[in-house]
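Given next are the chains, with one letter for each unit.
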Amino acid sequence: MKITPENVNEVAAELAEDQVAWHLRGQKIWWDADNGDQHYTERAQDLFNQYYDLFTDSLTQEVANA
């Protein structure tokens, strides 16, 4: 996928999700809400936020330098 200013956030989110799944492999990363929605556990959400920020910053810089 070509990274553009319009899809930086989407790409960063996909990469962050992959990293959370890898980092916490074998551990519970989701919990089910009463309404059926799935949510990250607190640890998984913290990791997602860290990776998302990292990827958003680096991808935005990469697009700007392209």
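Structure: see above.
First, a word on what this report is: a plain description of the structure on this page. (Residues numbered from 1 in each chain as written. Predicted model: local features only at pLDDT ≥ 70, side-chain atom pairs only at ≥ 80, totals over all residues. Heavy atoms only, no water.)

## Quick word on the overall build of the protein
Applied cut-off: For helices the rule is a DSSP run of H or I covering at least 4 residues; for strands it is a run of E covering at least 2, with both sets numbered from the N terminus onward. In this treatment the radius of gyration is a C-alpha quantity, and the globule benchmark scales as 2.2 Å times the residue count to the 0.38 power. We call two residues contacting when some pair of their heavy atoms lies within 4.5 Å. Residue-level accessible areas treat just the shown protein chains as cover; the underlying method is Shrake-Rupley with a 1.4 Å probe.
In terms of regular secondary structure, the protein is built from 2 helices and 2 strands. Along the protein, helices (α) and strands (β) appear in the sequence α-β-β-α when read from the amino end. Here the C-alpha atoms of the protein give a radius of gyration of 14 Å, more than 25% beyond the 11 Å that 2.2 N^0.38 yields for 66 residues. If one aligns the C-alpha atoms of the protein with their principal axes, the spans along those axes are about 45 × 25 × 20 Å. Considering only intrachain contacts with a sequence separation of at least 6, the fraction spanning at least 24 residues in the protein is 55%. If you sum the accessible surface of the protein, you get close to 4,900 Å²; carbon and sulfur atoms cover 48% of it.

## Focus on a negative patch on the surface
Spelled out, the test is: The patches described consist of residues with a relative accessible area above 30% and no salt bridge, like charges being joined within 9 Å and nonpolar side chains (Val, Leu, Ile, Met, Phe, Trp, Tyr) within 5 Å. Basic side-chain nitrogens of Lys or Arg form a salt bridge, by our definition, when they fall within 4 Å of a carboxyl oxygen of Asp or Glu. The charge count includes Lys and Arg as positive and Asp and Glu as negative, but it does not include His or the ends of the chains. Where a charge lies is defined by one atom per residue type: Lys uses NZ, Arg uses CZ, Asp uses CG and Glu uses CD. Only protein chains enter the calculation, and the probe is 1.4 Å; a residue is then buried if its accessible area is under 20% of its type maximum, exposed if over 50%, and partly exposed in between.
On the surface, Glu-10, Glu-14, Glu-17 and Asp-18 cluster together into a patch of negative charge. On the basis of relative accessible area, Glu-10 is assigned to the partly exposed category, the value being 45%.

## Quick look at the packing of aromatic side chains
Formally: Pairing of aromatic side chains requires ring centres within 6.5 Å, counting the rings of Phe and Tyr and the six-membered ring of Trp. Pairs whose planes differ by under 30 degrees are stacked, by over 60 edge-to-face, and all others tilted. Any Lys NZ or Arg CZ found within 6 Å of a ring centre and within 35 degrees of that ring's normal is scored as a charge over the ring.
What the rule picks out here adds up to 4 aromatic pairs. Ring geometry for Tyr-40 and Phe-48: centres 5.8 Å apart, planes at 40°, overall tilted. The exposure class assigned to Phe-48 is buried, which follows from its relative accessible area of 14%. A ring pair is formed by Phe-48 and Tyr-52, whose centres lie 5.7 Å apart and whose planes are at 15°; its orientation type is stacked. Within this pair, Phe-48 and its partner Tyr-52 are both found in helix α2 (residues 42–65), separated by 4 residues, close to a single helical turn. Within the aromatic cluster, the residues linked to one another by ring pairs are Trp-30, Tyr-40, Phe-48 and Tyr-52. If you follow Arg-25 out to its NZ or CZ, it ends over the ring of Trp-22, 4.4 Å from the centre.

## A closer look at helix α1 (residues 8–23)
Residues separated by three or four positions in an α-helix point in the same direction, a consequence of the helix having 3.6 residues per turn. For the record, the criterion: Given the number of residues in a helix, its expected span is that number minus one, multiplied by 1.5 Å.
An ideal rise of 1.5 Å per residue puts 22 Å on 16 residues; α1 measures up with 22 Å between its terminal C-alpha atoms. By the burial criterion, the buried members of α1 are Val-8, Val-11, Ala-12, Ala-13, Ala-16 and Val-20. The elements touched by buried residues of α1 are β2 (38–40) and α2.

## Focus on the side chain of Asn-7
The following threshold applies: Any pair of nitrogen or oxygen atoms within 3.5 Å is treated as a polar contact; in protein, a donor-acceptor pairing is required on top of that, and neighbouring residues in sequence qualify only through side-chain atoms on both sides.
Among the structural elements, Asn-7 can be located in the segment before α1. A distance of 2.7 Å separates a polar side-chain atom of Asn-7 from the backbone nitrogen of Thr-4.

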